[in-house]
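An overview of the molecular structure
The lines below spell out each chain.
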Amino acid sequence: MRKLIIVALVLLGISSHAQDSLLINLNDVLELARKNHPIIKQAGLQDQFAEAEIRTAKGTLDPKITSTYNLKDYKDTEYWNKFYSALKIPVWFPIDPKIEAARSSGEYLNREDYIAPGEDYWQVSAGVSVPIGKGLFIDERRALIKQAKLYSDIAEAEKIKLSNKMLFTIVKSYWEWYFAYEQFVLMEQSMQIADEIFRRVKLDYEYGEAAVVDTVQAKITYQNRRADYINAGVQLNNSRLAMSIHLWSEEGLPLELPENMTPSPESSLWIIPEDSTLDKVVIWAFENHPEIQKVSAKQGQYEIEQQWNRESLKPQIDLSYSFIDAPFSTSGLEPIDLGENYKLGVDFSFPILLRKERGKLQKSKLQIESLGYELLQTQQQIGAQIKSVHAELTASQQLTSQYADLAANYQRLLDAEIFNIENGESDLFKLNIQQDKFIESQIKYLKVLITYQKLKAELPYVAGLPYLSYLNMYE
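A brief look at the structure comes next. Source: prediction; values computed, not measured.

A few words on the sheet that holds strand 3 (residues 77–88). Strand order in the open sheet formed by six strands is 2-3-4-5-7-8, and the pairing between neighbours is antiparallel. Looking at strand neighbours, the two that pair on one side only are strand 2 (64–74) and strand 8 (342–349), the edges of this open sheet. If you compare each strand with its neighbour and ignore which way they point, the axes differ by 15° on average. As judged from the eight bridges shared by strand 4 (residues 96–105) and strand 5 (residues 122–131), these two strands associate in the antiparallel manner. Note that in strand 5 the partner of Ala 101 across the bridge is Val 124.

Structural data, given as structure tokens:
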């Protein structure tokens, strides 16, 4: 059995997949995803949505030109020929400048439309409208613009949320691929050892050095190992495909992991915060977590709406004044006398019961109060999640070290069993038991290791750190 011992030791230490393979580490995968992944690119569109929202709101301040023209000619009589054009220039302050030009002529004009024929019936006026009641301190257009600016905070939070979710999914897929690969290598080694043992036992049987039951036992062991190997191969292929769906080229084309590419166990992307640092993480998350940012921004929007609703309780009183240059002179404007030719107006309106306005104000107050409770609950949940994941991470780190030692000890027991067989002090039954325990310990170690690696990325994920980076805490 001496040759059997040598073969077994070699196979336990060397993987046939370790040769001619290409390693790819997690950092390279994440960097590729940040640049090219469609979901992360989609998340980047949130900034453009915010810009579009602000641009739409600012559109309420766009200058506006209006013009109308009406002509009536009946039985060779010009009843009227009226043209009117106005340029309104909304500004941020509660003042609306307006420039008007009008031309009116005809036999049957209303007296308010009459313009003297001195300069071809033209008249120009310029003036302003000023609210002194509702709309003085805030109006609907200013409220919309302020709310749109807060929407950019919501969009940024949504961008971070979508990006982090995808990056964390990629991290989990990577380590599941790593587990499947290591399991496949382990099952392949075990199958090769079982095959070699079966071949050697048959040879010993032919020379009368082994019983027929030993060949049956060796064959059963080989068949079980081969079944495990096939199943591991299926899992490896599935995990490789699951990992491949996250890989994209700069041109937006999907990439596929080649079969000779393997995951690297090296990963120093994340640290395990100490207890003092963990408090900093929690404090940072209470203010900057995407969910906190979204609730805070919505609260700010409703506060602006509350301001406008409170303003709506005032009566609508708008004063307007325009000076008139009449008649219009093609040679230039005459000296302006604001107290001579002008139009003055006062617009007043006030709903007596104010039920609509008071209802809107009450709703906005309730929304702010509701979001305040939601903010407290969200902070509590985030803080609890961070502490829970950190506790799991610390425990997982210890378990990983323990299971690594346990697997190493089972390796020693297997080596010792092989040594005993060499000296005729054991049999295949004991060897199979030790090999089963060794495989079981390796699988347990891999599972704990994968959990540990996932938890290292989950902590910045639940904390809401942009792109799962602790560096954002110190910017």
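Right, let's talk about the pattern of salt bridges for a bit. Under the defined criterion, the tally for this structure stands at 16 salt bridges. One salt bridge in this structure joins Glu 158 and Lys 294, with 2.9 Å as the shortest N-O distance. With Glu 158 in helix 4 (residues 140–206) and Lys 294 in helix 7 (residues 290–311), this residue pair connects regions lying 136 residues apart in the sequence. For Lys 294, a relative accessible area of 14% puts it in the buried group. Across the salt bridge formed by Asp 436 and Arg 225, the nearest N and O atoms sit 2.6 Å from each other. Of this pair, Asp 436 sits in helix 9 (residues 428–463) while Arg 225 sits in helix 5 (residues 212–244), and the two are 211 residues apart along the sequence. Look at the salt bridges and you will find they share partners, linking Asp 96, Asp 139, Arg 141 and Arg 142 into a network.

A separate point is the packing of aromatic side chains. A full pass over the atoms with the stated rule returns 10 aromatic pairs. Here Phe 168 and Tyr 461 contribute two aromatic rings whose centre-to-centre distance is 4.7 Å and whose plane-to-plane angle is 15°, an arrangement assigned as stacked. One end of the pair, Phe 168, is in helix 4; the other, Tyr 461, is in helix 9, with 293 residues separating them in the sequence. Taking 5.8 Å as the distance between ring centres and 85° as the angle between the ring planes, the aromatic pair formed by Tyr 174 and Trp 177 counts as edge-to-face. Placement of both Tyr 174 and Trp 177 in helix 4 is noted, with a separation of three residues, approximately one turn of the helix. By relative accessible area, which is 0% here, Tyr 174 ends up buried. A relative accessible area of 1% places Trp 177 in the buried class. Through a chain of ring-to-ring contacts, the aromatic side chains of Tyr 174, Trp 175, Trp 177 and Tyr 178 assemble into a single cluster. Directly above the ring of Tyr 79 sits Lys 72, whose terminal nitrogen or CZ lies 4.5 Å from the centroid.

Here is what the cut-offs are and how they apply
- Residues numbered from 1 in each chain as written.
- Predicted model: local features only at pLDDT ≥ 70, side-chain atom pairs only at ≥ 80, totals over all residues.
- Heavy atoms only, no water.
- Pairing = 2+ DSSP bridges.
- Helix = DSSP H or I, 4+ residues; strand = E, 2+ residues; numbered from the N terminus.
- Axes fitted to C-alpha atoms, helices over the stretch in contact; angles between N-to-C directions.
- Salt bridge = Lys/Arg side-chain N within 4 Å of Asp/Glu carboxyl O.
- Buried < 20%, exposed > 50% of the residue type's maximum accessible area, 1.4 Å probe, protein only.
- Phe/Tyr/Trp six-rings, centres within 6.5 Å; stacked < 30°, edge-to-face > 60°.
- Lys NZ or Arg CZ within 6 Å of the ring centre and 35° of its normal.

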